[in-house]
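Structural characterization, general
Each chain is listed here by its residues.
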Amino acid sequence: MGINVYQTRYINVTVAGMVAGFGGAWFTLGSVGRFHENMTGGRGFIGLAAMIFGRWHPVGALLAALVFGFADAMQQKLALLQTPIPSEFLAMSPYIATIIVVAGIVGRSRPPAADGQPYIKE
């Protein structure tokens, strides 16, 4: 098709590394304010669940990330409103939402056929 696969991969890996670096900087400086062990709290698995729930499509992953972000924001807002729900259960709510969505709603999601296969120029 005329697309240079190696150039596309290098560009995408570079951009992905930059996005991951910005995300790590946000966790360290913006969210927590300092670095400590396990500060991401399993959010990488929630990101993977967003890709699976979005059926491996960028727009679907964006919508799934909004669903999981809503669950996380709801947990924080309910904690601020001092609801009678124990804080431990509120902290679990984004992860419970992730488990329910991936295990119950998604069903069978197939990854792309070439996922994990190296490109060999013919």
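Scroll up to find the structure.
The sections below set out a description of the structure shown in this document. (Residues numbered from 1 in each chain as written. Predicted model: local features only at pLDDT ≥ 70, side-chain atom pairs only at ≥ 80, totals over all residues. Heavy atoms only, no water.)

Here the structure, examined in full by the defined rule, presents 2 aromatic pairs. Centroid distance Tyr6 to Tyr119: 5.6 Å. Interplanar angle 75 degrees. Geometry classified as edge-to-face. Highlighted residues: Tyr6 in helix H1 (residues 5-32) and Tyr119 in the segment after helix H4 (87-105), separated in sequence by 113 residues. Each ring, one from Phe53 and one from Phe68, has its centre 6.2 Å from the other, and the planes form 45 degrees; the classification is tilted. Here the residue Phe53 occupies a position in helix H2 (residues 43-53), and Phe68 occupies one in helix H3 (residues 58-80), the gap between them amounting to 15 residues. A relative accessible area of 6% places Phe68 in the buried class. (Phe/Tyr/Trp six-rings, centres within 6.5 Å; stacked < 30°, edge-to-face > 60°. Helix = DSSP H or I, 4+ residues; strand = E, 2+ residues; numbered from the N terminus. Buried < 20%, exposed > 50% of the residue type's maximum accessible area, 1.4 Å probe, protein only.)

Let us now look at a nonpolar patch on the surface. Together, Ile85, Phe89, Met92, Ile96 and Ile100 make up an exposed nonpolar region whose accessible area comes to about 460 Å². Mapped onto the fold, Phe89 is located in helix H4. (Patch = residues over 30% accessible without salt bridge, like charges linked within 9 Å, V, L, I, M, F, W, Y side chains within 5 Å. Areas by Shrake-Rupley, 256 points an atom, 1.4 Å probe, with all protein chains shown as cover. Salt bridge = Lys/Arg side-chain N within 4 Å of Asp/Glu carboxyl O.)

This next bit is on the pattern of salt bridges. Scanning all chains against the criterion turns up 1 salt bridge. The closest approach of N and O atoms between Asp72 and Arg43, which form a salt bridge, is 3.7 Å. In this pair, Asp72 is assigned in helix H3 and Arg43 in helix H2, connecting sequence segments 29 residues apart. The class of Asp72 is buried, set by a relative accessible area of 19%.

Another aspect to go through is unusual backbone geometry. With glycine set apart, most residues show a phi of negative sign, and most peptide bonds adopt trans. One non-glycine residue, Arg55, lies in the positive phi region at around 55 degrees. Relative to the helices and strands, Arg55 resides in the loop between H2 and H3. The backbone of Trp56 sits at a positive phi, close to 65 degrees, despite the residue not being glycine. The topology assignment puts Trp56 in the loop between H2 and H3.

The biggest cluster of nonpolar side chains holds 6 residues, and these are Ile46, Ala49, Ala50, Ala64, Phe68 and Val101. Listed by contribution, the elements that provide at least two residues to this core are H2 and H3. Among the elements that line this core, the one with the most residues is H2, at 3 residues. Aside from chain neighbours lying at most four places away, what touches Ala50 is Ala61, Ala64, Ala65 and Phe68. (Core = buried A, V, L, I, M, F, W, Y, C linked by side-chain atoms within 4.5 Å. Contact = heavy atoms within 4.5 Å.)

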